[in-house]
Every structure is written in C-alpha cells, then in structure tokens.
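What the coordinates show
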There are 2 protein chains.
Amino acid sequence: MLNFNYCNSTRYVYGPGEHLNIGKLLSPLISGRILLHYGGGSVIRTGTIERIRNSLDAAGISYVELGGVKPNPSVALVRQGIELCRKEGVTLVLAVGGGSVIDSAKGIAVGTPNTCDIWELYSHKGSIPEHNPLPVATVLTLPAAGSENSPNTVLSDEQTKRKLGFKHMMLRPVLSIVDPTLFLTLPKEQMAYGACDMLCHIFERYFTNTTQTDLTDALAEATMRTIMLEARKLNRNLADVDAWGQLALSGTIAHNDLLGLGREQSWACHGLEHELSALYDVPHGAGLAVIVPAYMEAVWPANAGIFAQWAVNVMGVAPHRDTAAVIQEGISRLRSWYRELGLPQTMQELGIPANADFDAMAQAACHVYGGGVATPTLPGVHPITAKEAADIYKAAAI
Amino acid sequence: MLNFNYCNSTRYVYGPGEHLNIGKLLSPLISGRILLHYGGGSVIRTGTIERIRNSLDAAGISYVELGGVKPNPSVALVRQGIELCRKEGVTLVLAVGGGSVIDSAKGIAVGTPNTCDIWELYSHKGSIPEHNPLPVATVLTLPAAGSENSPNTVLSDEQTKRKLGFKHMMLRPVLSIVDPTLFLTLPKEQMAYGACDMLCHIFERYFTNTTQTDLTDALAEATMRTIMLEARKLNRNLADVDAWGQLALSGTIAHNDLLGLGREQSWACHGLEHELSALYDVPHGAGLAVIVPAYMEAVWPANAGIFAQWAVNVMGVAPHRDTAAVIQEGISRLRSWYRELGLPQTMQELGIPANADFDAMAQAACHVYGGGVATPTLPGVHPITAKEAADIYKAAAI
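First, a word on scope: everything that follows refers to the structure included in this document. (Residues numbered from 1 in each chain as written. Chains lettered and ligands numbered in written order. Predicted model: local features only at pLDDT ≥ 70, side-chain atom pairs only at ≥ 80, totals over all residues.)

Comments concerning the overall build of chain A
Along the backbone of chain A there are 16 helices and 8 strands. In terms of overall size, chain A behaves like a compact globule, its C-alpha atoms giving a radius of gyration of 20 Å where 398 residues would be expected to give roughly 21 Å. Projected onto its principal axes, the C-alpha coordinates of chain A cover approximately 65 × 45 × 45 Å. Expressed as a percentage of contacts within chain A between residues at least 6 apart in sequence, the contacts between residues at least 24 apart total 79%. (Helix = DSSP H or I, 4+ residues; strand = E, 2+ residues; numbered from the N terminus. Rg over C-alpha atoms; globule rule 2.2 N^0.38 Å. Contact = placed C-beta atoms within 7 Å.)

So this is what it looks like as structure tokens:
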C-alpha cells in the first residue's frame, strides 16, 4: 500500500423521507443566498423540486434557481450559472439531481469565485484555481456517478466535443442527502447505467499493480458483489426501496475513494469511454459496458493475480490452477450481468458507426488521461498506448 | 437499514515515516499552544516522543507536555490535564499513543472548556457539555481501540472502580497519523489484544436484528476476515510492517462507524468486559476474548440467520442445512483463533477468582449499558438481563 492523506468531510444523510429535511440540514451550513440547481423533466414532474423549495422556504433560506442540466452536462450552462451566482451573491450551490447536475453544480462552484474561464481549469490536468470553490450540497435523485461524495466533476464542451474532468478537495459536498424514495420513479435503464458506472469506479481502483492492499481489496470486493446483487434485485423489481438504498450507498462508497486509499489507480476505461460520450453522446454507463470487457481481455495477462482474485472473490468462479480459464470465466460472467441488465454489448448497439475514427479517439483518450508526455498512455496494470486503445475500441465494435 | 446522519471529518494520514510530518500537518489546524499527551515507557524509550517534539519544534508549534497515561486511563490524570490546559491556554490536544492515551486526551479536550467535573459527563449517559471540546489530534502507536477515528472515549475511576464512556461528535480527531513503523516494537500480546478489540468492535455492530443491510454486512465481513488474516501474519512475524499497516487500517474502519451505519448496535460484550477491566484491571482485549464466545453461545438462537451468515462469510464454514452446527463451528473457529494468538480462554486465566461477585458485575454492566430503566438489559440480538449476564460470566469462569 502507498502512503495516503484522506479526509472525507461530507455530512451524509441517508433514509426514506430525508430529502424533506434539506432546509433544516442546510441552515447551519450557509451564510447567505444559495443557488438551487437541477435538470428538467422528472425532478419537476415528480414534485421533488417543489418539495425542496418548500423545505428551503420553511427554513427561511434565500435562493435563486437554475434548471436545465442535461446528461453529459455542458460547460455552456455552467458559464450561465457562474454569471448568475456572481450577480446574485450566491454562497453555496445546492444540486438536486444525479451526477450530471452535481458535476454542473461543482463547475459553477469553482467558476464563481475565479476570473479565468471555467473550461481553462478543466482543460489543464492538475490546475489549481486561485480561489477556493463555493461549497456544494446535494440531494441525490439518481445513484450512479458517486459525485455526491467525491471531489470530482466532469463537464462536456459541445463545440469542441471534449469531455474533461476536474478535481478539487473542496468540491467534496458539505452535505449530501440520499433518500431512496426519490429513486422509485427511475426507469430500468437508468438503474442499469448507474450500477455499471459504480462497478467501473471500483474497477479503476481495484485493478492495480499496488500490493499489500488486503483491506481495500476485500472492501472493494464486498462493494462490487453488493452492486451486482442489488442491481439484479432492481432488475426484477424497480419498486424495491431497500435495494435502491443499498445500491445508492454502494455507489457512494464506490467513488468516495475509500476503496482507492494507498493504491495506484487506472481510469483507463473512463478515459476510453469519455470519448464515446463526447463524440456520440451515449450514456456513460452504456459506453462503459461496451468498453470494460474489451479492456479486461486486453490487459489481464499483465496482472493475472488480481484478475483471478476478482474472478473468484467477486464473480464467484471456483478457484482453479488454470488461472486464464478462471479469469475468462469471470469476464464471461460480467458480460452476462451486463446483458441481464439490458446493457449494450457492442459499439454497434451504442449506435457508433463501424467506420468511426477509432485511431483519433484513442489518441485523444491517451492525451487526456496520460498527462503531458510525448507518447502518453492510459495508466493501469498495463499502460495502454494509443495503438492498443484503438485495438480495444475495434474489439468492442461488433 | 435505518436512517442515518454521518460525518467522518478526520484527516487520516497513513504511511511509513508519516509521524515525522506531524508538525507540518498540524500547523494549518491550530490557533495557539497545544498539549502533547502520552504514556510512558515505550514511546520515550523508542525515541518517538523526541521525534514528535523535533517535528513540532521545526514547525514552530508551542506546546506543553503531560505524560504518564496508563492502560485503562484514569480520570485523575485527566483532571490534572484539564488544569494544565486551562492554565496554559491550550487550544488542541495531541495524543501520541494508543487508545488509552487518545481517550485520556479526549477527556482533557472536553473537560478543559467545561466547568463541571469531567466524571459527571461520563457518569450520565448522553450528557451534553455546555461548550464544545477542544480539537484532538493523534499519532497512533498501538492499533486496537480505533479511537484515532472515533468520537468515543472511555475512562476509569480508580476510586469507585467504574469504567465509563462518553461520546461527542467533535471528539472525532481532526488529524490522525497512522505510521506502521511505530508498531514494530510492540510485543505480541499487544497485537493480539488489539486485534481482538477490533474484531469485537465489528461484532457489536454486525450482530443486529436490523435487516436490509447488505452493504455494511459485506464490508464488515471483509474487515473481520482481514483482521483475522493480518493478526495471524503478525503472530508468525511481528516485523511484517505491511501486515501492521493493514491491521491498523482495519482497526480504524472497525470503529469509525462506517460499518454501523443505519444498524441497531449492541455493545453488550464491551459492557460485560468493562466490568472485568474496572474491577480486575485486565487488558480490554484479553477480557473480550473470554467474554465473546460465552456471549455468542448465549444469544445466537435469537438470530441464527446473522450468526450463520457470519460463520460462513467470515469464519469460512461451508454452508449446511444444519444451521446450529454451522454456527457452533464458527464459534469454535473463533475460539481457536483466540487460542492461536495466545489470548486467555477463561476468567481463571485472566486471574479473576472463581468466587468473584458475578451477580453484582452483571447488575452494574446492565445498569451502565441499559440506560435508566427499572430493569435494564444489555442490547443486541437478544436483550441480556442481569440474570443472563451473570450466567455468561459464570460460563466463562473456567
């Protein structure tokens, strides 16, 4: 295990009915007006935003609103939010939504007190803003991205077709409310996309060459098994509020970096997928289901030990001296789980044409995730060159 | 799962050599003079305190010192620390030690700004002090109690022979440094006591009648297995610094309440053991090894489901339709692990006389842990009456 320095400062409130307490829970944390930030459609239709407004009103909290966040949230709306927050003297951004809304809120939170264009911060890996972000709070309406307890945000620029991330420790929300009753109206494919994303957040941390990681290995395996179990429960019955609760909590643990403590991390699959989302606007979870098995097939020989451990401890494959067979069986079971949840298996099913420019996408993915070196690679158990990345895209094509 | 509201605000710094960074890490967190609090013997002999002083000096941190904390830390020394902190205008208490030193530091931290006698706060379950405690920071030298990341403290009063706990969310340390190189000089029995205590911290949360707890069940099982594994590694080789690291991290997770989120909790074994420590000054971990199997034998029929799940998922018993046999095999394997680590099996081995007043101890344990009702019981899968508590003591006698 590597040395680490970790602080997870989010106040995490879980339970049926808890979203009605947002005003009361937020009151001690704010010093002025807040921005209420959300998407459109379901949060309005289901009355969630109205109930949040009522709770804020009852607590005497002053707020302005900005709705309209879309999946793969756009930097254009973030710029609009920054202008609004500056004009209205906003002191905290409250996101009511899933990962897209929360990531958009984080973009607004970091952009408001900083004069540079927000996309500059996202465009330069590791950039440090001059001023600390505004605090962010969340009411989660879609468990998937883990943004409710992470310091990360990912935005897309529609003009340049780039999807880029930014990380700042003060973007870890000060308060997140996870109320599983809010998930009961979600369609099945959203559940599947979410579970797929959560699982991949753990893969990116679990499949590593770092050794002496017994505890985080075991915790990661426990969380992966739970995600797969709860997603299957929900696939049978979307009204299972307990399964929603367990899935949501697993999604938080999957991405708050508890499971990544002291480990090298990969993020190769996210790097490969972000190109799909940026260019073809596919749902992130659907893109991952296509990328992950092809990635695993390509890299497992570099560290058969960790892949065999995963196949046995997570996928339930019986241990066997034929390690390759154990791993292949593990990957087959993962494909089978994706299929069971109705997730796509190929680029074709994602609607990505066979003549897509996979070489250019591979170059771009390596460039974003590989840092500013001459021949960048995607990190992980085996560093992926642009050539290998293109091969992974092609293997996932049909 | 029950609703919960959780915030783990500790900055947790892990790794070989990290204790040398205490001054640098503490600097941004303090506003004035601090108290350096420790035990005696090993931290002085090994040069740890001297290295801490050097690091504080190098960071220009002003401090006063109070050493002399003993196992089962005494309220008398805490009172002395409170006087010192008031006189010297101390603004943070830095504990360098194990659970005893940290718990003593927490007592000083809460007592300093409050005028009531400190033992009053410990004597009344759920009491709320008028003023918030001073912040506490820790450098852990003995992984066991989990106090480096918990809001809890336990003190003993030598005069009244009472051992009592107190909890305050602001007693969760603001900074904890876990440097496994500091554990390399610990004797084997300290490792065994520590591992036993950690495991029991999870038992108190895991064995519950709360249902729909898939994720925390799985995380708890992962942590229990890791504790048992690492303790065995250390039992073979106390110089295994990686195993110390994994054990210490497991000990933190065991007691920072991640594994207790949304669950009813028991604390019956701790209640039963605290009487042994208070009256006979036995090491807490040794007392638990004697109490736990007798407790399990007494209560498992009340919830065979969770005990069978534990036997299979933690103790590695093959699932079988004869649930009672599975559970008994699980308990036998636990006894065997205790024996392997050289832990005592009976009151007799603890040096507690056969004619000890088990009835009075049982009454006292139920009184402390059962709250202020007429016929208090120890909570858990089956509420333990004073009569049953006495039977558990007697079953563990020889």
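Some details on the sheet that holds strand S1 (residues 4–14) of chain B
The mixed open sheet is built from 12 strands, whose spatial order is S3(A)-S2(A)-S4(A)-S5(A)-S8(A)-S1(A)-S1(B)-S8(B)-S5(B)-S4(B)-S2(B)-S3(B). If you trace the sheet from one side to the other, it starts and ends with strand S3 (63–66) of chain A together with strand S3 (63–66) of chain B, each paired once. Direction aside, neighbouring strands of the sheet carry axes that sit 20° apart on average. Those strands touched by helix H3 (residues 48–58) of chain A are strand S2 (34–38), S3, strand S4 (92–97) and strand S5 (136–140) of chain A, and its axis lies near 145° from that of S4 of chain A. (Pairing = 2+ DSSP bridges. Axes fitted to C-alpha atoms, helices over the stretch in contact; angles between N-to-C directions.)

Considering the relation of the copies chain A and chain B
You can overlay chain A on chain B at an RMSD of 0.0 Å; the transform is a turn of 180° with a shift of 0.0 Å along its axis. Each copy turns onto its partner about a two-fold axis. If distances are taken from each C-alpha of chain A to the rotation axis, the shortest is found for Ser9 of chain A, at 2.3 Å. In this assembly, 100% of the residues forming the interface of chain A have copies in chain B that are likewise at the interface, indicating an isologous arrangement. (Least-squares fit on C-alpha atoms with pLDDT ≥ 70 in both.)

A short note on the interface of chain A and chain B
With 33 residues of chain A in contact, the opposing surface of chain B contributes 33 residues. For the side of chain A that touches chain B, the class distribution of residues is 13 nonpolar, 13 polar and 7 charged. Examined bridge by bridge, strand S1 (residues 4–14) of chain A and S1 of chain B share 7 bridges and lie antiparallel to one another. Opposite Asn5 of chain A, over in S1 of chain B, you have Val13 of chain B as the bridge partner. (Nonpolar A, V, L, I, M, F, W, Y, C, P; charged D, E, K, R; others polar.)

Examining helix H16 (residues 386–395) of chain B
All names here are of chain B. Those residues of H16 lying buried are Ala386, Ala389, Ala390, Ile392 and Tyr393. All buried residues of H16 lie within an arc of 155° about the axis, which places them on one face of the element. Residues of H16 that are buried in the fold lie against helix H10 (268–280), helix H11 (284–299) and helix H15 (358–369). (Buried ≥ 20, exposed ≤ 12 C-beta atoms within 10 Å, placed from the backbone. Arc of directions from axis to C-beta.)

Let's talk about the nonpolar core
Membership of the largest hydrophobic core comes to 278 residues, with the highest contact counts inside it found for Val93 and Ala389 of chain A together with Val93 and Ala389 of chain B. Excluding its chain neighbours within four sequence positions, the residues that come into contact with Ala389 of chain B are Leu272, Ala362, Ala365, Cys366, Leu378 and Ile384 of chain B. (Core = buried A, V, L, I, M, F, W, Y, C linked by C-beta atoms within 7 Å.)

What about helix H8 (residues 214–236) of chain A?
With 23 residues, H8 of chain A should cover 33 Å at 1.5 Å per step; its first-to-last C-alpha distance of 34 Å lies within 8% of that length. For H8 of chain A, a buried count of 17 out of 23 residues is recorded, marking the element as mostly surrounded by other parts of the structure. (Expected span 1.5 Å × (residues − 1).)

Concerning the packing of helix H7 (residues 188–206) of chain B against H11 of chain B
Residue and element names in this part refer to chain B. The contact between H7 and H11 brings their axes to 8 Å, and the two run at 55°. Comparing their axes, H11 and H7 come out oblique. Regarding H7 and H11, the two cross each other, and that crossing is left-handed. Residues Ala192, Tyr193, Gly194, Cys196, Asp197, Cys200 and Phe203 of H7 touch H11, and the partners they reach there are His284, Gly285, Ala286, Leu288, Ala289 and Val292. (Parallel < 35°, antiparallel > 145°, perpendicular 65-115°, else oblique. Left-handed = near helix turned anticlockwise from the far one by under 90°.)

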